[in-house]
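Commentary on secondary and tertiary structure
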2 protein chains.
Amino acid sequence: MDEAQTLLDPLAELVTTYHELNGSIIPELSECPSALEFMRHVARNRPFVVRGGAAGWKATKTWNVAALKDLLTGQSVNVAVTPEGNADSPTRNEEGELMFVKPWEEQQSFEEFVDFVSKQELSKVPVESVTEVRYAQTQNDNLRNEYATLFSHVERDIPWARIALQQAPEAINLWIGNSLSTTALHKDNYENIYVQIIGQKHFVLLPPLAYACVNERQLSPASYRRSEGGGLKMVKEDGEKVPFATWDPDQEGNETSYSKLAKPMRVTLNPGDMLYLPALWYHKVSQSCSEEGICCAVNYWFDMEFGGSFYPLCNFARSSALAALKT
Amino acid sequence: MDEAQTLLDPLAELVTTYHELNGSIIPELSECPSALEFMRHVARNRPFVVRGGAAGWKATKTWNVAALKDLLTGQSVNVAVTPEGNADSPTRNEEGELMFVKPWEEQQSFEEFVDFVSKQELSKVPVESVTEVRYAQTQNDNLRNEYATLFSHVERDIPWARIALQQAPEAINLWIGNSLSTTALHKDNYENIYVQIIGQKHFVLLPPLAYACVNERQLSPASYRRSEGGGLKMVKEDGEKVPFATWDPDQEGNETSYSKLAKPMRVTLNPGDMLYLPALWYHKVSQSCSEEGICCAVNYWFDMEFGGSFYPLCNFARSSALAALKT
C-alpha cells in the first residue's frame, strides 16, 4: 500500500492519523497519578508507566522463591502446562492448521511448581530440549482466592483507579513463570493496571484501532493434554471458533496489507513498576527472570466502560477491518 | 434498511449499537460536577445538563433589556442579518441549489439592535411578513472583547471544566436573538459549556458517530448582502465548498438510508441551566424568548483533545460514511 492508497483508504488513514496524532512514546511518571490525572489517560485510552510506583509494596520488597514457598507452604496451585510456553496462543497442529490452543491445566504443590520453573530457567537448557513449560496464570481473581495468603502484601485495589473508575477491581491476578512463557498478542475488555514484582515483563502494545493490522482470524479451539507417557499432545476441541489476532509484530508471517502501518510500542517493567494498559489494547507479553529464575507480577482488572462512543467506534473499526480483509 | 441489512452493515451497526448502549436520556444534575466527575463525561463524550447551575450568576439574576442597554450604552455591536433567521445554514438559492449561506454582518448600536429583536418578537408578525432577522452571534470570544463590559457578570471560566481539561476557555461567546433565529445542525471541534441567561434554548443533539445519518454534502459558499433598497440578497462566493450536514431531524427531506436509525436527543435550557455539549456532537439550536422578547445565552469553548483514539475514530466513521453514501 503506497501513500496515495493510504489517503484513499479510511482504514489506512485511521492507523496513520492515529500514530501522527499520538506518537509512539509511553509516558513515564515518577509517582502515581491522582484519580483525575488517571481519568485523563482513560479518556484518551493511552498507556503510561509509573516507574517505582509499587516499590514500597511488601510484595516488591520481600518476595523471592523462599518467601513465596514459606507463604504458600503445603498449598496446591493450578499450573498451565504447554510444550513451548505458548498458552492461549495461535499454534499450528500436526496438519498445519492454525489453532487457538489452551494449556493443559493441572494441580501441583506450589513448591514443586516454583522449583521446576526456577530450575528450568537457571539450567539454561537449549530451547529445543525443553519438553514442557509451566506458568501459574489463572486469570480468575486468583490473588483473592488461590493465592489469598499473599494478598495482604499488595494493595487491595489501586486507589486512583478505583476512585476514577468508581469500582473495585473485578479481578486481581498473580502470574509466576519463567522466560520460556510468552503471552500471544491479544486484547481484554478491561482497564488493566499491571504491577511487576520480581523479574521483568516486556510488552509489545498496539492500540485497539489497529484491527486491520493484526489479522484477526477465526481459529478452531484446541488444548494440550498430558498423555500417559507424560508428554503433551494437542487435541482439537468441540465448540465455536475463536476470533484471535494472528500477526506477531516480532515475526515474519501472517501480515495483512495494513500491518506495516502499525507502530508497535514497547516497554519493559522492572520490579516495582506499574503499567496502565488501557482497555482493548493489543498486548504481547514476554518475561525475564530474577537471578533466582522466576518472574512474578500482579495485575488489577477493572471493568471497562461500554457506554459512550469508544466501544461502539472500536467495534465499528473492527467490523470494517474484517469486511475489508475478507474481500 | 431492514434489520437483517443493519446487522450486515458496519455503519448501521455502529449507530444502533451506540443507541442500545447509551440510551437517549440526557442526565440532569442538580449541582455542578467536580472536575473528576466532569472528566468521566468527557471520557464518554456524553452530554449532561446542570439545572440551575448558573442560577446564582449576576447575569442570570440581573440581565434584562434595560440592564443590557445600560451596560452597553453607546456601543456598537456586530449583528448577523438574514431574511429568515438562517445564519450559517444550508439554504436553496433562486436556482434551487443548496448553498452554505453566511449572514450579512453590520455594525449597529446595541440599543437599536436589541429594540429591533425585542419588538419583532413581541409584535408577533406572521413569519411570511418578516423581511429580516437579527442575531448577535459572533463566535469570536466576543464576551471578552466586544461585550467586555458584561464579562464580570458571568464566571471567568468554568472551574470544573478548566481543571479537568487543564486549560482556560479558548473563547467565551454571547448570543442575543429572538425566536426567529435557528442555528442549523452542525458540529464544532470544541468541548462546549452552554449557559442560558434569558429565555430558552432548544437543542436537538446527535452523537458524532451518526455521520451516516446527517447527509453531509459539499455546499457552495454564499452570503447575504444588503442591497441599496435595504433588502437582503444571496450572493454566491468564491472559495472552496463547505462540508455541511444537510439533514434536519425536524423536517422531511435530505434523509440518507441511515437517518431513521438516528435517535435525536432533545433538551431545553431555562435561565440558569448549563449544558455540557461534548466535542463533535451535532446540534441544532432554536430559541424562545423572555416576556421582553429576547433570548440570551453565553457559551464557553474549550479546545478538544485530538490525542487518543476518539478523534481518529470519529474521522474514520465520517470517511466511511461518506464513502458508503457516495457509492
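Since this is a predicted model, take the numbers as computed values, not measurements. (Residues numbered from 1 in each chain as written. Chains lettered and ligands numbered in written order. Predicted model: local features only at pLDDT ≥ 70, side-chain atom pairs only at ≥ 80, totals over all residues. Heavy atoms only, no water.)

Let us now look at the sheet that holds strand β6 (residues 104–109) of chain B. Residues and elements named next belong to chain B. Within the open sheet, the 3 strands sit side by side as β6-β3-β7. Their pairing is antiparallel. Sheet topology places β6 and β7 (133–135) at the edges, where each strand pairs with a single neighbour. On average, adjacent strands in this sheet sit at an angle of 40 degrees to one another, irrespective of strand direction. Of the pairings in the sheet, the one linking strand β3 (residues 76–82) to β7 comprises 3 bridges and is antiparallel in character. The residue of β7 that forms the bridge with T82 is V133. (Pairing = 2+ DSSP bridges. Helix = DSSP H or I, 4+ residues; strand = E, 2+ residues; numbered from the N terminus. Axes fitted to C-alpha atoms, helices over the stretch in contact; angles between N-to-C directions.)

What follows concerns the environment of A:N192. Tracing the backbone through its elements, the reader meets A:N192 in strand β10 (residues 190–198). Here the side chain of A:N192 touches A:N299 through a polar contact of 2.9 Å, side chain to side chain. (Polar contact = N/O pair within 3.5 Å; in protein donor to acceptor, adjacent residues only side chain to side chain.)

Once that is clear, we can look at the packing of aromatic side chains. Residue and element names in this part refer to chain B. All told, the structure shown has 31 aromatic pairs over all chains when counted by the stated rule. Taking the centre distance of 5.5 Å and the plane angle of 40 degrees together, the rings of F48 and Y276 count as tilted. Linking F48 in strand β2 (residues 48–50) with Y276 in strand β16 (residues 274–277), this pair joins segments that are 228 residues apart in sequence. Y276 matches F48 in its accessibility class, with the two residues each being buried. A ring pair is formed by Y211 and Y282, whose centres lie 6.0 Å apart and whose planes are at 80 degrees; its orientation type is edge-to-face. (Phe/Tyr/Trp six-rings, centres within 6.5 Å; stacked < 30°, edge-to-face > 60°. Buried < 20%, exposed > 50% of the residue type's maximum accessible area, 1.4 Å probe, protein only.)

Let's shift gears to the UniProt feature "domain: JmjC" (unreviewed entry) in chain A. Taking the UniProt record as the reference, the feature "domain: JmjC" (unreviewed entry) is found at residues 133–317 of chain A. For the annotated span residues 133–317 of chain A, helix accounts for 10% and strand for 41% of the residues, and the straight-line distance between the end C-alpha atoms is 36 Å. (UniProt positions renumbered as here; feature names shortened; annotations may be inferred.)

Now for the relation of the copies chain B and chain A. You can overlay chain B on chain A at an RMSD of 0.0 Å; the transform is a turn of 180 degrees with a shift of 0.0 Å along its axis. Each copy turns onto its partner about a two-fold axis. When C-alpha positions in chain B are compared against the rotation axis, the closest is assigned to B:A43, at 2.1 Å. (Least-squares fit on C-alpha atoms with pLDDT ≥ 70 in both.)

What follows deals with helix α3 (residues 35–44) of chain A. Counting buried residues along α3(A), 7 of its 10 residues qualify, which places the element largely inside the surrounding structure. Along α3(A), the residues classified as buried are A:A35, A:L36, A:F38, A:M39, A:R40, A:H41 and A:V42. Check the buried side of α3(A) and you find it contacts β2 (48–50), α7 (159–165), β10 and β16 (274–277) of chain A together with α3 (35–44) and α7 (159–165) of chain B. A:N45 sits one or two positions beyond α3(A) and adopts a positive phi of about 55 degrees. (Contact = heavy atoms within 4.5 Å.)

Residues and elements named next belong to chain A. Read from one edge of the open sheet, 4 strands run β9-β17-β11-β15, paired in antiparallel fashion. Of all strands in the sheet, those bounded by a partner on one side alone are β9 (182–186) and β15 (265–269). In this sheet, neighbouring strand axes are inclined to one another by 15 degrees on average, regardless of whether the strands run parallel or antiparallel.

This part takes up the pairing of strand β5 (residues 98–102) of chain A. All names here are of chain A. Extensive coverage of β5 is indicated by the burial of 4 of its 5 residues. As paired elements, strand β4 (residues 89–92) and β5 share 4 bridges and run antiparallel to each other. When the sheet's bridge partners are listed, S89 is paired in β5 with V101. Taken together, β4 and the strand that follows it, β5, pair antiparallel across an intervening segment of 5 residues, in which G96 is found at a positive phi of about 90 degrees.

In the structure shown here, the tally under the stated rule is 0 disulfides over all chains. Unpaired in terms of disulfides, A:C32 finds its nearest cysteine sulfur in A:C296, a separation of 18 Å. Between B:C213, a free cysteine, and B:C314, which holds the nearest cysteine sulfur, the sulfur-to-sulfur gap is 13 Å. Taking relative accessible area as the criterion, B:C213 reaches 0% and is therefore assigned buried. (Disulfide = S-S within 2.5 Å.)

Moving on, we come to helix α6 (residues 110–123) of chain B. Residue and element names in this part refer to chain B. An ideal rise of 1.5 Å per residue puts 20 Å on 14 residues; α6 measures up with 20 Å between its terminal C-alpha atoms. By the burial criterion, the buried members of α6 are F110, F113, V114, V117, S118, Q120 and E121. Projected down its long axis, α6 shows its buried positions confined to an angular sector of 160 degrees, all on one face. Where α6 is buried, its residues touch α5 (65–71), β3, β6, β7 and β8 (171–177). At the C-terminal side of α6, K124 shows a positive phi close to 50 degrees. (Expected span 1.5 Å × (residues − 1). Arc of directions from axis to C-beta.)

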